[in-house]
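# Coordinate analysis (summary)
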Amino acid sequence: MQELHDAPLAPLTTFRLGGPATRLVTATTDAEVIAAVREADDTGTPLLLIGGGSNLVIGDKGFDGTALHIATRGFSLDGTTLELAAGETWTDAVARTVAAGLAGVECLAGIPGSAGATPIQNVGAYGQEVSATITEVTAYDRRSRETVALSNADCAFSYRHSRFKAEPERYVVLRVRFELEDAGGLSAPLRYAETARALDVEAGDRVPLTAARETVLKLRAGKGMVLDPEDHDTWSAGSFFTNPILTDEQFAEFRSRVAERLGDAVEPPAFPAGEGRVKTSAAWLIDKAGFTKGYGTGPARISTKHTLALTNRGEATTEDLLALAREVVAGVHEAFGVTLVNEPVTVGVSL
C-alpha cells in the first residue's frame with residue numbers, strides 16, 4: 001500500500017483539476033482498501049474515495065484528509081457470470097466481455113472510470129444501464145464494519161442513482177458481479193435510436209457484438225466522450241448534467257416555455273420515465289438556452305463536440321469550471337424553468 005503526503009489529486013481525475021490531498025493512499029487489494037477505510041474511521045479522518053476519477057470535481061484547495069485511490073485488479077468470467085474488482089478499468093472490461101462473446105454491457109464501451117463506480121451511478125448510455133446486468137455488489141459497510149453482499153434489489157437502482165449514491169458515507173464498493181448473455185456473438189437488443197440508425201437496423205434488433213461496441217465508441221468519440229490526452233474536449237467528466245425527469249404538470253409548463261421562446265412548432269424531447277413522469281434532454285436544453293458547442297472564452301468551456309460536456313482547455317481551475325456550470329444552470333432555468341442537476345460528485349465545492 002503506497003502512501004504519499006501533500007499529494008496532487010488532479011492527475012487522478014479526468015478533469016485534471018483540484019488541489020492536493022493531505023494524504024494519498026493507493027490500495028491494490030480488498031484487504032488494503034478495508035484497512036485504509038477502517039483507519040480513517042477510527043481516527044475520525046475525512047475520507048475521499050477515488051477510482052478512475054471520471055466523476056469527480058475536486059476544489060482548488062484540495063482535500064484535507066485521506067484520499068484513497070482504489071487500484072484493485074480482478075477480472076473473472078465463469079460462463080456468463082462476470083466478476084470485477086472495483087479498481088478494474090471499465091472500458092477494458094467491456095472490451096474483454098465482447099471478445100468473450102457475451103452481451104449486456106457492449107453499449108457501455110468507452111465510458112471512463114472504474115468498475116466500482118458503475119453501480120454507484122447506475123452507469124448507462126446508448127440504451128443500456130448496469131442495473132440490468134448487475135446481480136450482486138460486494139462492499140465494505142462502514143456502519144457495521146463488515147463486508148456485505150447486496151443483491152440487485154438491495155442496490156435500489158434508479159436513473160443515475162443507487163443506494164450507494166444515496167448513502168455515500170456508508171458503503172465502499174469492492175467487487176461487482178454481472179450476469180451477461182450468450183446470444184451467439186450477437187448484442188443485446190438495441191434500445192437506442194441513434195445506435196440503431198448508425199448500424200442501419202431497427203430498434204430492438206441484435207447486431208454482432210463487435211459492431212455494437214465499435215459503433216458506440218465511434219459515436220462517443222464524435223462527442224468527445226472517449227478519453228484522449230491530446231484532445232481537450234475529453235478533459236471532462238463526460239455528461240456534466242443528468243437528463244431532467246419532470247412530472248406531467250412540470251413538463252406541460254416546460255412545453256409552454258418552449259413554445260414562448262422557440263415557437264409553437266418546436267417540440268422538446270420527451271421520453272417515458274414511469275407513471276406521471278417524463279424525461280427530457282439536458283443537452284437540448286443547454287443548446288436551446290444559447291449555450292452552443294464551444295461556448296465560453298475562458299479556460300473552461302463547453303465541449304466543441306457536445307453541449308453536455310464541460311471541459312478544461314488546459315489552464316482551468318475548478319472555480320473556472322464551476323463558474324461556467326453555474327452560468328449554464330442559471331441560463332437554462334431562466335429560459336425554460338428547468339433546473340439542471342450536476343452528475344459528477346463535488347468535493348469541497350458545490351454549484
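A brief report on the enclosed structure follows. In this text the structure is predicted, and so the values were computed from the model without any measurement.

### Looking at the environment of Val 148
Here Val 148 shows up in strand β11 (residues 146–151). Between the C-alpha atom of Val 148 and that of Arg 177, which follows or precedes it by 29 residues, the distance is 13 Å. Not counting the four nearest positions on each side in its chain, Val 148 is found in contact with Val 137, Thr 138, Ala 139, Asp 141 and Tyr 171.

### Digging into the sheet that holds strand β2 (residues 20–27)
Within the open sheet, the four strands sit side by side as β1-β2-β5-β3. Their pairing is mixed. The outermost strands of the open sheet, each flanked by one partner alone, are β1 (2–8) and β3 (47–50). Sheet twist, expressed as the mean angle between neighbouring strand axes with direction ignored, is 25 degrees. Looking at chain direction, β3 and strand β5 (residues 63–70) are connected through four bridges and run parallel. Across the sheet, residue Ile 50 finds its bridge partner in β5, namely His 69. Where helix α1 (residues 30–43) meets the sheet, its contacts fall on β2, β3 and β5, and the angle it forms with β2 comes to roughly 145 degrees.

### Notes on the packing of aromatic side chains
For the structure shown, the criterion picks out 10 aromatic pairs. Aromatic side chains Tyr 126 and Tyr 192 sit 5.3 Å apart centroid to centroid with 80 degrees between the ring planes, which places their arrangement in the edge-to-face category. Note that Tyr 126 is positioned in the loop between β8 (124–125) and β9 (128–129) and Tyr 192 in the loop between β12 (171–179) and α5 (193–199), a separation of 66 residues in sequence. Assessed through its relative accessible area of 35%, Tyr 192 is described here as partly exposed. Over the aromatic face of Phe 75 sits the side chain of Arg 96, whose NZ or CZ is 3.7 Å from the ring centroid.

### Remarks on helix α2 (residues 90–99)
Turn by turn, an α-helix covers 3.6 residues, leaving residues three or four places apart pointing in a common direction. Buried within α2 are the following residues: Trp 90, Ala 93, Val 94, Thr 97 and Val 98. One side of α2 holds all its buried residues, which, seen down the axis, span an arc of 140 degrees. Tucked into the core, α2 has its buried residues touching β6 (75–78), β7 (81–85), α3 (118–121), β12 and α6 (209–222). Two residues or fewer after α2 comes Gly 101, characterised by a positive phi angle close to 80 degrees.

### Structural notes on the sheet that holds β7
The sheet built from five strands is open, its strands ordered β6-β7-β12-β10-β11 with antiparallel pairing. Pairing within the sheet leaves two strands with one partner each, and these edge strands are β6 and β11. When the angles between neighbouring strand axes are averaged without regard to direction, this sheet yields 20 degrees. On top of the sheet, α1 reaches β10 (134–141), β11 and β12; it is set at about 150 degrees to β12, its chief contact.

### A word on the packing of helix α7 (residues 248–262) against helix α9 (residues 318–336)
Two numbers describe how α7 lies on α9: the axes approach to 8 Å, and their chain directions differ by 90 degrees. As far as their axial angle goes, α9 and α7 are roughly perpendicular. Across the interface between the two elements, Phe 254, Arg 257, Val 258, Arg 261 and Leu 262 of α7 pack against His 333, Glu 334, Ala 335 and Phe 336 of α9. Partitioning the contact of α7 with α9 into residue classes produces five nonpolar, one polar and three charged.

### Re the side chain of Ser 236
Mapped onto the elements of the fold, Ser 236 is located in the loop between α6 and β13 (245–247). By relative accessible area, which is 4% here, Ser 236 ends up buried. Here Ser 236 is in contact with Thr 14, Phe 15, Ala 309, Leu 310 and Thr 311, once residues within four sequence places are set aside.

### Observations concerning the pattern of salt bridges
On inspection of all chains with the given rule, the structure shows 20 salt bridges. Salt-bridge contacts for Arg 163 lead to Glu 167; the nearest nitrogen and oxygen are separated by 3.4 Å. For Glu 267, the salt bridge goes to Arg 255, with nearest N and O atoms at 2.7 Å. Taken together, the residues Glu 267 in the loop between α7 and β14 (271–272) and Arg 255 in helix α7 connect sequence positions 12 residues apart. Exposure remark for Glu 267: the relative accessible area of 47% places this residue in the partly exposed category. Residue classification places Arg 255 among the partly exposed residues on the basis of a relative accessible area of 38%. Within the structure, one salt-bridge network assembled from shared partners comprises Asp 141, Arg 143, Arg 163, Glu 167 and Arg 170.

### A word on α6
Compared with the 20 Å implied by 1.5 Å per residue over 14 residues, the 20 Å span of α6 between its first and last C-alpha is a close match. Packed against the buried residues of α6 are α2, β8 and α5. Where α6 ends, the next residue or the one after it, Gly 224, has phi of about 70 degrees, a positive value.

Each value, and the rule that gives it
Residues numbered from 1 in each chain as written. Predicted model: local features only at pLDDT ≥ 70, side-chain atom pairs only at ≥ 80, totals over all residues. Heavy atoms only, no water. Helix = DSSP H or I, 4+ residues; strand = E, 2+ residues; numbered from the N terminus. Contact = heavy atoms within 4.5 Å. Pairing = 2+ DSSP bridges. Axes fitted to C-alpha atoms, helices over the stretch in contact; angles between N-to-C directions. Phe/Tyr/Trp six-rings, centres within 6.5 Å; stacked < 30°, edge-to-face > 60°. Buried < 20%, exposed > 50% of the residue type's maximum accessible area, 1.4 Å probe, protein only. Lys NZ or Arg CZ within 6 Å of the ring centre and 35° of its normal. Arc of directions from axis to C-beta. Parallel < 35°, antiparallel > 145°, perpendicular 65-115°, else oblique. Nonpolar A, V, L, I, M, F, W, Y, C, P; charged D, E, K, R; others polar. Salt bridge = Lys/Arg side-chain N within 4 Å of Asp/Glu carboxyl O. Expected span 1.5 Å × (residues − 1).

Keep in mind these numbers describe shape, not what the thing actually does.
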